[in-house]
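# Structural overview for review
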Amino acid sequence: MIEWFHGFGILQWTGLVAGIIYVIFAAKGKWWCWPTGLIWVICTFIISIDGKLYSDAILQVLYFGLTLFGWYNWITNNGRKSPEKPIATTSQLEWFYSFVFLVIFTIIQAKVLTQFTDTDVPYIDSLTTSMSLLATWLLAKKKIENWWIWIVVNPVYIWLYHYKNYELYSWLAVFFTIMALVGLTQWKKILRSQNVHN
C-alpha cells in the first residue's frame, strides 16, 4: 500500500488534494477556490512539462493569471465595495466570441505543437487547453456556463492523463466531471435565488 502511495509522487498527491479543494469551493461559489487553485496550478504545470503536455503547461501559466484575476474579481465584485460578485449568464455575443476564440486558439496551438515540440497528442492537448482556458475565464467572471464546458472537457482529460500515466490526475478529472455537474446544479439554485431577490 505504501509503495502504491509513493508511486504517484508528492507532486501528484499535492495537486490532487489542492484540485479537490479548489473545485469543491468553486462549486459552492466560494472565493476560497482561488488560493487553493494556485497550488493546483503550480503542481499541474510541473506535471505537464514532465509529461510533454506543452499546451497544458502554457495553460497553467495562463491559469495562474486567471486565478489571481478570479480571486480579485470574486472578492471585490469588479473592484466595487459591495458583496461578493453574483453569478451571471453568458450573452449570445459572448458565446460567439468564445466559439471563435476556441476554434482559432486550438488550431494555432496544434500547429505550433506539431511543428516545434515532441508531443504525441498535439490536437487533444490543444483542444483541452483551449476549452479549459475558456471555462476558467467564464468561472473567473462567475458565469454559470463555465460548468457546461467543464462537463465536456473533463472526460477528455480522464483519457489524456491516463494515456500519459498520470493516474491520480486521471481520477481527479473524474472527480472534476462529477463536481462540474454538482457545480452547475448549485449555481442554478443560487442564480434562481438571486433572481428572486432582484
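Positions within a chain are numbered from 1, following the residues in the order the chain's sequence is written. Reporting in this predicted model follows two pLDDT cut-offs: at least 70 for local features of residues, and 80 or more for side-chain atom pairs to be given and counted; totals over whole chains, interfaces and linings ignore these cut-offs and use all residues. Side-chain figures throughout are based on the complete set of non-hydrogen atoms in the structure, without hydrogens or water.

### Quick notes on the state of the cysteines
Cysteine sulfur atoms are paired as a disulfide whenever they come within 2.5 Å of each other. Following the criterion strictly, the structure yields zero disulfides and no others. The closest cysteine sulfur to the non-disulfide-bonded Cys33 is located on Cys43, 17 Å from its own sulfur. Here the term buried applies to any residue with accessible area under 20% of the maximum for its type, exposed to any over 50%, and partly exposed to those in between, with areas from a 1.4 Å probe on protein chains only. Note on Cys43: relative accessible area 5%, which makes it buried.

### Let's talk about the environment of Trp147
Helix numbers and strand numbers start at the N terminus; a helix is a DSSP run of H or I with at least 4 residues, a strand a run of E with at least 2. Structurally, the position occupied by Trp147 is in helix α7 (residues 146-163). Taking the relative accessible area as the measure of exposure, Trp147 reaches 2% and is therefore buried. For Trp147 and Lys111, which are 36 residues apart along the polypeptide, the C-alpha to C-alpha distance reads 28 Å. Note on contacts: a residue pair is in contact if any heavy atoms of the two residues lie within 4.5 Å. Ignoring anything within four residues of it in the chain, the contact list for Trp147 reads Val23, Ala26, Ala27, Leu139, Met179, Ala180, Gly183, Leu184 and Trp187.

### Brief notes about the pattern of salt bridges
For this analysis, a salt bridge means a side-chain nitrogen from Lys or Arg found within 4 Å of a carboxyl oxygen belonging to Asp or Glu. Under the counting rule described, the total for this entry stands at three salt bridges. For Asp118, the salt bridge identified is with Lys52, shortest N-O distance 3.0 Å. Here the residue Asp118 occupies a position in the loop between α5 (92-116) and α6 (122-140), and Lys52 occupies one in the loop between α3 (33-50) and α4 (54-76), the gap between them amounting to 66 residues. Judged by relative accessible area, which is 44%, Asp118 ranks as partly exposed. Measuring nitrogen to oxygen at the nearest pair gives 3.3 Å for the salt bridge that ties Lys143 to Glu94. Of the two residues, Lys143 is situated in the loop between α6 and α7 and Glu94 in helix α5; the sequence distance between them amounts to 49 residues. For Glu94, a relative accessible area of 31% puts it in the partly exposed group.

None of this, on its own, says anything about what the molecule does.
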